[in-house]
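# Report on the structure
Letter by letter, the chains look like this.
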Amino acid sequence: MTTAAFMTLGCKVNQFETETMEGLFRKAGYEIVPFTERADVYIINTCSVTMLGEKKSRQLIRRARRENEDALIAVTGCYAQLAPEIIAQLPGVRLVVGTKDRARIVELVEEAAKADGVVREVGDIMHADTFEDIPLFSAPERTRAFLKIQEGCQNFCTYCIIPYTRGPLRSRPIESIRREAEKLLKAGFREIVLTGIHLGAYGRDLEENVTLADAAAAVLEFPELKRLRLGSLESIELSPELFALIRSDKRFARHLHLPLQAGSDVILKTMNRHYTAEEFSKLLEKVRAEVPGVAITTDIIVGFPGETEELFEEGLAFSAKQGFARMHVFPYSRRPGTPAAKMSNQISQTEKKDRVHRMQTLADSMAEKFHESFLGETADVLFETETDGIIDGRTDTYIRVYTDARLPLGEIAQMKLTKLYKDGVWGVPSP
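Residues numbered from 1 in each chain as written. Predicted model: local features only at pLDDT ≥ 70, side-chain atom pairs only at ≥ 80, totals over all residues. Heavy atoms only, no water.

Under the counting rule described, the total for this entry stands at 11 aromatic pairs. Ring centres 4.9 Å apart and planes at 85° place the aromatic pair Phe-25 and Tyr-30 in the edge-to-face group. Residue classification places Tyr-30 among the buried positions, given a relative accessible area of 10%. Between Tyr-275 and Phe-280, the aromatic rings sit 5.7 Å apart at their centres with planes inclined by 40°, giving tilted as the arrangement. Taken individually, Tyr-275 and Phe-280 each receive the classification buried, so the pair is uniform in this respect. Chaining the aromatic ring pairs together yields one cluster made of Phe-6, Phe-25 and Tyr-30. Stacked on the ring of Tyr-398, the Lys or Arg Arg-394 has its end atom at 3.9 Å from the ring centre. Here the guanidinium or amino end of Lys-419 rests over the ring plane of Trp-426, the centre of that ring lying 5.7 Å away. (Phe/Tyr/Trp six-rings, centres within 6.5 Å; stacked < 30°, edge-to-face > 60°. Buried < 20%, exposed > 50% of the residue type's maximum accessible area, 1.4 Å probe, protein only. Lys NZ or Arg CZ within 6 Å of the ring centre and 35° of its normal.)

Here it is in structure tokens:
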């Protein structure tokens, strides 16, 4: 049997797309093996959000070639879309596929195996106009499934290459979402995470006049579903209908990931973000009023061009007041082809590293404070994985809970949260 190995870099959308490609290969009779093992075909799903992501992509290509010099290496994803000619010149690469046509990945791999030279399947993504609907044919051994319902972004933040690698907005039809959710639940998944490149824009391109709330409602129709979660959203895109749905169905996780990116109006404007710090803060107040107990996580970029020490301190102070459950902190990565890359007032790597450390210290403190606020309380935990006799899972507010109790994976258990532990808390079964 022909073997195939996969490796994914980047976001949850990439993870979902890799899982669908794995399913296509399984359906075609391939055996899926770990990327660290010798395989006949290696598929690397790349990321281009940062220069580091591109560097890791190249390292993985070299690693696959070391594992099996005769293997067919296929490279797909955002970096493949952005720089197909560069990737095609790397030793061992036989196939380059961009951010569409992944439904044909098996066919393209088999075509590349017979071809002389490198097969390139990278079209003009800026003219893509339909959502590429690839079902998940088989379920990995876990309880949470990503369900991609939207593709593309037209925000054009000045630091971001994604609109150029993913193209315009395309949404998955409601009926397709419903069919895929049913299939995932029958496969044994108990939590579904709706994902997209610009998730809050779901439905804008469809004639049916549907929104993200309609997509969520379609998935909640299934009684087998134990929990529904949303991927990253823009705070300005939250609707009253969505709030009402979260309040009315306990399976809808009280967790929203709302990227702030910067806590300074000067930097937000330079980033082409469409809100001020004060507007963002007021939106958080509204979210908390609409959904009591909601956990809000966020992304922060530090060291953006033009970020003086004073502006960084302003952003640090603003972030400290927002009560985030978790902050993901990133140094600004200069991406050729974006407006920010051409800005003259770039920040040194040394200064960026220092600011990441200071913002991360705040992030760690906020996460610990958030976790501490739940100690002594009882929470529903969906357990997912086991390691050395310790199982762990998530609350609906995305707190990781660990326990040595003998409890079934894929089921929700009531747990009393007793102490801080690792990156979350320790729990014992509630009597």
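A cluster of nonpolar side chains, namely Leu-82, Phe-156 and Tyr-164, defines an oily patch on the protein surface of about 220 Å² accessible area. Among the structural elements, Leu-82 can be located in helix H3 (residues 78-82). (Patch = residues over 30% accessible without salt bridge, like charges linked within 9 Å, V, L, I, M, F, W, Y side chains within 5 Å. Areas by Shrake-Rupley, 256 points an atom, 1.4 Å probe, with all protein chains shown as cover. Salt bridge = Lys/Arg side-chain N within 4 Å of Asp/Glu carboxyl O. Helix = DSSP H or I, 4+ residues; strand = E, 2+ residues; numbered from the N terminus.)

What follows covers the packing of helix H7 (residues 174-186) against helix H8 (residues 212-220). Describing two packed helices takes the angle between their axes plus the distance from one axis to the other. Two elements in contact, H7 and H8, have axes whose closest approach is 9 Å; the angle formed by their N-to-C orientations is 35°. In this structure, H7 meets H8 at a crossing whose hand is right-handed. Contacts from Ile-174, Ile-177, Arg-178 and Ala-181 of H7 reach H8 at Asp-214, Ala-215, Ala-218 and Val-219. For the contact of H7 with H8, the residue count by class is six nonpolar, no polar and two charged. (Axes fitted to C-alpha atoms, helices over the stretch in contact; angles between N-to-C directions. Left-handed = near helix turned anticlockwise from the far one by under 90°. Contact = heavy atoms within 4.5 Å. Nonpolar A, V, L, I, M, F, W, Y, C, P; charged D, E, K, R; others polar.)

For helix H11 (residues 277-290), built from 14 residues, the straight-helix expectation of 20 Å at 1.5 Å per residue is met to within 8% by its first-to-last C-alpha distance of 20 Å. Taken residue by residue, H11 has Ala-277, Phe-280, Ser-281, Leu-284 and Val-287 as its buried positions. On an axial view of H11, the arc spanned by its buried residues comes to 115°, and they lie on one face. In H11, those exposed residues whose orientation departs by more than 90 degrees from the buried face are Glu-278, Glu-285 and Ala-289. The secondary structure elements touched by the buried residues of H11 are helix H9 (240-248), strand E11 (255-257), helix H10 (265-271), strand E12 (295-302) and helix H12 (309-320). (Expected span 1.5 Å × (residues − 1). Arc of directions from axis to C-beta.)

With parallel pairing, three strands are arranged side by side in an open sheet as E11-E12-E13. Two strands bound the open sheet, and with one partner strand each, they are E11 and strand E13 (326-331). Each strand of the sheet is rotated relative to its neighbour by a mean of 15°, with strand direction disregarded. Pairing analysis gives three bridges linking E11 to E12, with the strands arranged parallel. Within E12, the position partnered with Leu-256 by the bridge is Ile-296. (Pairing = 2+ DSSP bridges.)

Turning to the pairing of strand E5 (residues 93-97), a few remarks are in order. Buried residues dominate E5, accounting for four of its five residues. Examined bridge by bridge, E5 and strand E6 (residues 119-121) share three bridges and lie parallel to one another. Its bridge partner lying in E6, Leu-95 is registered against Val-119. For the crossover that starts at E5, traverses helix H5 (residues 105-114) and ends in the parallel E6, the hand is left-handed. (Right-handed = clockwise from strand over helix to strand, strands pointing away.)

A word on the nonpolar core. Core analysis: the largest hydrophobic core is formed by 74 residues, its most contacted members being Ile-192 and Leu-194. With sequence-adjacent residues up to four places away left out, Leu-194 is seen in contact with Leu-147, Ile-149, Leu-199, Leu-212, Ala-215, Ala-216, Val-219, Leu-228, Arg-229, Leu-230 and Gly-231. Core analysis: the next-biggest nonpolar cluster, separate from the first, contains 22 residues, Val-75, Ala-80, Ala-88 and Leu-90 among them. (Core = buried A, V, L, I, M, F, W, Y, C linked by side-chain atoms within 4.5 Å.)

Once that is clear, we can look at the pattern of salt bridges. Counted by the stated rule, this structure contains 35 salt bridges. Note that Arg-104 and Glu-121 form a salt bridge whose closest N and O atoms lie 3.2 Å from each other. Placement of Arg-104 in the loop between E5 and H5 and of Glu-121 in strand E6 is noted, with a sequence separation of 17 residues between them. With relative accessibility at 23%, the residue Glu-121 sits in the partly exposed group. Taken together, the salt bridges that share partners define one network made up of Glu-307, Glu-309, Glu-313, Glu-351, Asp-354, Arg-355 and Arg-358.

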